[in-house]
Amino acid sequence: SFEFVKNALKMENYPKYKCPALILHGEHDQVVPVKVINDLMKNEASISETTKAIILEDDHEMGKSSTIEMIEKNVQSFFEISNQKKTFIEVGKK
């Protein structure tokens, strides 16, 4: 449930959440109910100010081809990644 987040946020030394985040969650997830995400976004201002939550028509595995396409689209948009050729440089190679 969302209670563990509420309890953690009450702790004196619990850091406030400040970095941008993207949550992609399956509407029919039976492992982590979508209510947890909805409550998080509604009840914690420091998270909802920096977080984009997208509920997808899928379950916990999020393996439908339409879901995978939506994940790719939203991740690219969130991180401002274009469809241009990507560059990969191996560590230790020049």
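Quick note: structure is the one above.
All figures in this text were calculated on a predicted structure; none of them were measured in a lab.

*Asks:* Explanation requested: the nonpolar core in the structure shown.
*Replies:* Side chains that are nonpolar tend, in soluble globular proteins, to be buried together. Among the nonpolar cores identified, the biggest contains 6 residues, and these are Val5, Leu9, Ile23, Ile37, Leu40 and Ile47. Elements with a contribution of two residues or more to this core: α1 (3-10) and α2 (34-43). Every residue in contact with isoleucine 23, bar those within four places of it in the chain, is listed here: Ile37, Leu40, Thr51, Lys52, Ala53 and Ile54.

*Asks:* Any chance you could explain the pairing of strand β1 (residues 21-26) here in plain terms?
*Replies:* Looking down a regular strand, the side chains alternate between one sheet face and the other. Burial of β1 is extensive: 5 of the 6 residues sit out of reach of the surface. By the bridge criterion, 6 bridges tie β1 to strand β2 (residues 51-56) in an arrangement that is parallel. Bridge pairing in β2 places leucine 22 opposite lysine 52.

*Asks:* Quick question: what am I supposed to make of the pattern of salt bridges here?
*Replies:* A pair can form between side chains of opposite charge whenever their charged atoms are brought close. In the structure shown here, the tally under the stated rule is 1 salt bridge. Where lysine 35 meets aspartate 39, a salt bridge forms, and the shortest distance between an N and an O atom there is 2.6 Å. Separated by 4 residues within a single helix, lysine 35 and aspartate 39 lie in helix α2, roughly one turn from each other. On the accessibility criterion, lysine 35 (53% relative accessible area) is exposed.

*Asks:* How do you make sense of the packing of aromatic side chains when you look at a structure like this?
*Replies:* Any aromatic ring pair is given by two values, namely how distant the centres are and how the planes are angled relative to each other. What the rule picks out here adds up to 1 aromatic pair. Ring geometry for phenylalanine 78 versus phenylalanine 79: centroids 5.0 Å apart, planes at 85°, classification edge-to-face. Classification of phenylalanine 78 as partly exposed rests on a relative accessible area of 25%.

Cut-off values and rules
Throughout, residues of each chain are indexed from 1 in the direction in which the sequence is written. Per-residue local features are limited, in this predicted model, to residues with pLDDT of at least 70; the limit for side-chain atom pairs, both in listing and counting, is 80 or more; totals at the level of whole chains, interfaces and linings are taken over all residues. Processing note: side-chain calculations cover all non-hydrogen atoms of the structure and skip hydrogens and water entirely. Nonpolar cores are built from buried Ala, Val, Leu, Ile, Met, Phe, Trp, Tyr and Cys residues. Side-chain atoms within 4.5 Å join them into one set. Burial classes: relative accessible area under 20% of the type maximum marks a residue as buried, over 50% as exposed, and values in between as partly exposed (1.4 Å probe, protein chains only). Starting at the N terminus, helices and strands are each numbered in turn, a helix being any DSSP run of H or I of at least four residues and a strand any DSSP run of E of at least two. We call two residues in contact whenever any of their non-hydrogen atoms come within 4.5 Å of each other. Pairing between strands requires that DSSP locate at least two bridges from one strand to the other. Salt bridge, as applied in this entry: a Lys or Arg side-chain nitrogen positioned within 4 Å of an Asp or Glu carboxyl oxygen. For Phe, Tyr and Trp, rings pair up if their centres lie within 6.5 Å, where Trp contributes its six-membered ring, and each pair is then called stacked (planes under 30 degrees apart), edge-to-face (over 60) or tilted (otherwise).

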